[in-house]
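Spelled out from the first residue to the last, the chains are:
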Amino acid sequence: MFPNLPRLSLGFFPTPIVELSRLSESLGGPRILMKRDDQTGLALGGNKTRKLEFLVADAIQQQCDCVITAGAAQSNHCRQTAAAAAMVGLECHLVLGGTPPIQANGNLLLDELLGATLHWTGADRKGEQLSAIAAQLTSQGKHPYRIPYGGSNALGAAGFVVAMAELQQQMQTMERSIDAIAFASSSGGTQAGLTVGKALLGMEVELVGIRIDKAEDEPLSYKAQLAQLATSTAQILELSDCQFQPADFRVETAYQEAGYGIVSDLERSAVTLVAQTEGILLDPVYTGRAMGGLLDLIQSGQFQSPQTILFWHTGGQPALFDPKLSLKEPESTAGDG
Ligand SMILES: *Cc1c(COP(=O)(O)O)cnc(C)c1O
């Protein structure tokens, strides 16, 4: 697919699809399948592996000698970028919001283990200093390749166009069809890529993004950002007459009120339920919130038997080991975002 774009192999694809029959039974709801992108295999896996296959290939094609990206202290994107860079012998610079904790754990511990250089930027939590730090690297004679926050540009999103083709193939082999796909939506590359893939492949499934980040001072509404990103993704894939509008996206915004990385009862009960009915680990920031949202949509009758819903597990489990994101503490908060 897309032979004009360079692509590396960084993981194990296709990722498995499993049926969560004990979970559906406990809800008396629709059939629930799960796509296990937590099993992509790149340093504990996750959805960013798909984006990085295109992004890091582009870095190599452009003859860069290091990659630089940004995220929160517990960024899964940063951890997988550090692993991808190590795999191909590129230096990795991570621009992290907040201040260094006394003891690194979860994703941050892995960033260090994978050899990334960390740049802490305090209150600038969304990569505001990425360009300035990249410019410093350039002035030191390096050739940095910039990967945006969450890996969400057109090239990164292309990874999820490919993912949709992978899913279509699996559904055909399994002789199954699905009515909707639910997933965590944050920097948008996943949702934009799935949407382009759905259009390209003529799939009928409904895409339900569950918003993770609280909308604060975003210059564009999230749906408008998704529309722009999907349109530019279609452009680089040379699907020329493919234009997307904000109304093309379903984004559930009822579950992000606690703020990014704040573990509330929603996440705690969803992570616990899936662990104890299926033996599958979700994460406290993304998939816990997205599953909490899906369970609420099921409980309110928006999805019901005999429908089939696919939950796209996007990874993130290393954050389970950050005490700031503890599922046990009733009032735990994440100071590092
Ligand atoms: C980044 C991430 C997401 C969100 O994907 P976007 O493409 O940024 O919307 C969901 N789940 C996990 C575990 C992630 O790390």
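For the structure itself, consult the block above.
Counting of residues starts from 1 at the beginning of each chain's written sequence and follows it residue by residue. Local features in this predicted model are restricted to residues of pLDDT 70 or higher, and side-chain atom pairs are both shown and tallied only at a pLDDT of 80 or more, whereas totals for entire chains, interfaces and linings draw on every residue. Based on all heavy atoms of the structure, the side-chain values leave hydrogens and waters out of the count.

**Remarks on the site of the ligand**
For step 1, the next point in the chain: Residue proximity to a molecule or strand is established when one non-hydrogen atom of the residue lies within 4 Å of it. Surveying the vicinity of the ligand reveals 16 residues, the closest of which are K48, K51, S187, T190 and T314.
For step 2, the next point in the chain: Pairs of N or O atoms within 3.5 Å make up the polar contacts considered here, provided that, within protein, one atom can donate a hydrogen while the other can accept it, and that residues adjacent in sequence are counted only when both atoms are side-chain atoms. Here N76 contributes a side-chain N or O atom positioned 3.0 Å from an oxygen atom of the ligand.
For step 3, the next point in the chain: Within the side chain of T314, a nitrogen or oxygen atom sits 2.6 Å from a nitrogen atom of the ligand.
For step 4, the next point in the chain: For the accessible areas, the method is Shrake-Rupley and the probe is 1.4 Å, while residue cover comes only from the protein chains on display. Surface burial for the ligand is 98%, taken as the share of its 380 Å² of free accessible area covered by protein chains.
For step 5, the next point in the chain: Only protein atoms enter the 1 Å grid, on which a cavity is a set of points fitting a 1.4 Å probe that cannot get out and a pocket is an open set with protein on both sides within 12 Å along at least 5 of 7 lines, lining residues being those with an atom within 4 Å of a point. Those molecules having more than half of their atoms within 2 Å of a cavity or pocket grid point set are described as sitting in that cavity or pocket. Comparing atom positions with the cavity grids shows the ligand to sit within the largest cavity.
For step 6, the next point in the chain: Runs of H or I in DSSP of at least four residues are treated as helices and runs of E of at least two as strands, each being numbered from the N terminus. Taken together, the elements giving at least two residues each to the shell around the ligand come down to helix 2 (48-61), strand 7 (180-185) and helix 7 (189-201).
For step 7, the next point in the chain: Charged means Asp, Glu, Lys or Arg here, nonpolar means Ala, Val, Leu, Ile, Met, Phe, Trp, Tyr, Cys or Pro, and polar covers whatever is left, Gly included. In terms of residue class, the shell around the ligand is built from 2 nonpolar, 12 polar and 2 charged.
For step 8, the next point in the chain: Domain limits in this description derive from either an automatic procedure or a database domain assignment. Here the shell around the ligand spans two domains, since at least three of its residues come from each of domain 1 (17-45 + 152-325) and domain 2 (48-151).

**Quick look at the packing of aromatic side chains**
For step 1, the next point in the chain: Aromatic pairing here means that ring centres of Phe, Tyr or Trp (its six-membered ring) are within 6.5 Å. Orientation follows from the plane angle: under 30 degrees is stacked, over 60 is edge-to-face, and everything else is tilted. Taken as a whole and judged by the stated rule, the model has 2 aromatic pairs.
For step 2, the next point in the chain: Ring geometry for Y260 versus Y286: centroids 5.8 Å apart, planes at 70°, classification edge-to-face. Here Y260, found in the loop between strand 9 (250-252) and helix 9 (265-278), pairs with Y286, found in the loop between helix 9 and helix 10 (287-299); they are 26 residues apart in sequence, far enough to count as distant. Considered together, Y260 and Y286 belong to a single accessibility category, that of buried residues.
For step 3, the next point in the chain: Geometrically, a charge over a ring is one whose NZ (Lys) or CZ (Arg) sits within 6 Å of the ring centre while staying within 35 degrees of the ring normal. If you follow R50 out to its NZ or CZ, it ends over the ring of F160, 5.8 Å from the centre.
For step 4, the next point in the chain: Positioned above the aromatic ring of Y222 is the side chain of R211, whose terminal nitrogen or guanidinium carbon lies 3.7 Å from the ring centre. With a 1.4 Å probe rolled over the protein chains alone, any residue whose accessible area is under 20% of its type maximum counts as buried; one over 50% counts as exposed, and the rest are partly exposed.

**Some remarks on helix 5 (residues 130-139)**
For step 1, the next point in the chain: Looking only at helix 5, the buried set comprises L130, I133, A134 and L137. Across the axial projection of helix 5, the buried residues extend over an arc of 105°, all falling on one side.
For step 2, the next point in the chain: In this fold, the buried residues of helix 5 make contact with strand 3 (66-71), strand 4 (91-96), strand 5 (117-120) and strand 6 (144-146).
For step 3, the next point in the chain: Following helix 5 by one or two positions, G141 adopts a phi angle in the positive range, close to 90°. The reported arc concerns the directions from the helix axis to the C-beta atoms and nothing else. Contact criterion: two residues are considered in contact whenever any of their non-hydrogen atoms come within 4.5 Å of each other.

**Examining empty space enclosed by the protein**
For step 1, the next point in the chain: Grid points are joined across faces, edges and corners, and a volume is the space filled by probe spheres set on the points. Under the defined criterion, the tally for this structure stands at 3 cavities of 30 Å³ or more.
For step 2, the next point in the chain: What lines the largest cavity is a set of 24 residues, among which N47, K48, S186, S187 and Y286 lie closest to the centre.
For step 3, the next point in the chain: Listed by contribution, the elements that provide at least two residues to the lining of the largest cavity are helix 2, strand 3, helix 3 (76-88), strand 7 and helix 7.
For step 4, the next point in the chain: A total of 3 residues in the lining of the largest cavity trace back to one element, the largest contributor, which is helix 7.
For step 5, the next point in the chain: Its residues assigned to classes, the lining of the largest cavity comprises 6 nonpolar, 16 polar and 2 charged.
For step 6, the next point in the chain: Two domains each provide a minimum of three residues to the lining of the largest cavity, namely domain 1 (17-45 + 152-325) and domain 2 (48-151).

**Focus on the environment of L295**
For step 1, the next point in the chain: Following the sequence through the fold, L295 ends up in helix 10.
For step 2, the next point in the chain: C-alpha separation for the pair L295 and L207, spaced 88 residues apart in sequence, amounts to 16 Å.
For step 3, the next point in the chain: The residues contacting L295, other than those within four sequence positions of it, are L27, A270 and L273.

**A look at the layout of surface pockets**
For step 1, the next point in the chain: Empty space within the second largest pocket amounts to approximately 170 Å³.
For step 2, the next point in the chain: If you go around the second largest pocket, the residues you meet are R36, D38, Q39, L44, G106, L110, I280, L281, Q317, P318 and F321.
For step 3, the next point in the chain: The residue makeup of the lining of the second largest pocket, split by class, is 6 nonpolar, 3 polar and 2 charged.

**Describing the sheet that holds strand 5**
For step 1, the next point in the chain: If you trace the 4 strands from one edge of the open sheet to the other, you get 5-4-3-6, paired in parallel fashion. Each edge of the open sheet carries a strand with a single partner, namely strand 5 and strand 6. The sheet shows a mean angle of 25° between the axes of neighbouring strands, direction not considered.
For step 2, the next point in the chain: Pairing between two strands requires that DSSP report at least two bridges joining them. Examined bridge by bridge, strand 3 and strand 4 share 6 bridges and lie parallel to one another. Bridge pairing in strand 4 places A70 opposite V95.
For step 3, the next point in the chain: Lines fitted to C-alpha atoms define the axes, with helix axes restricted to the stretch in contact, and inter-axis angles between N-to-C directions lie between 0 and 180 degrees. Seen against the sheet, helix 5 touches strand 3, strand 4, strand 5 and strand 6 and runs at an angle of roughly 160° to strand 3.

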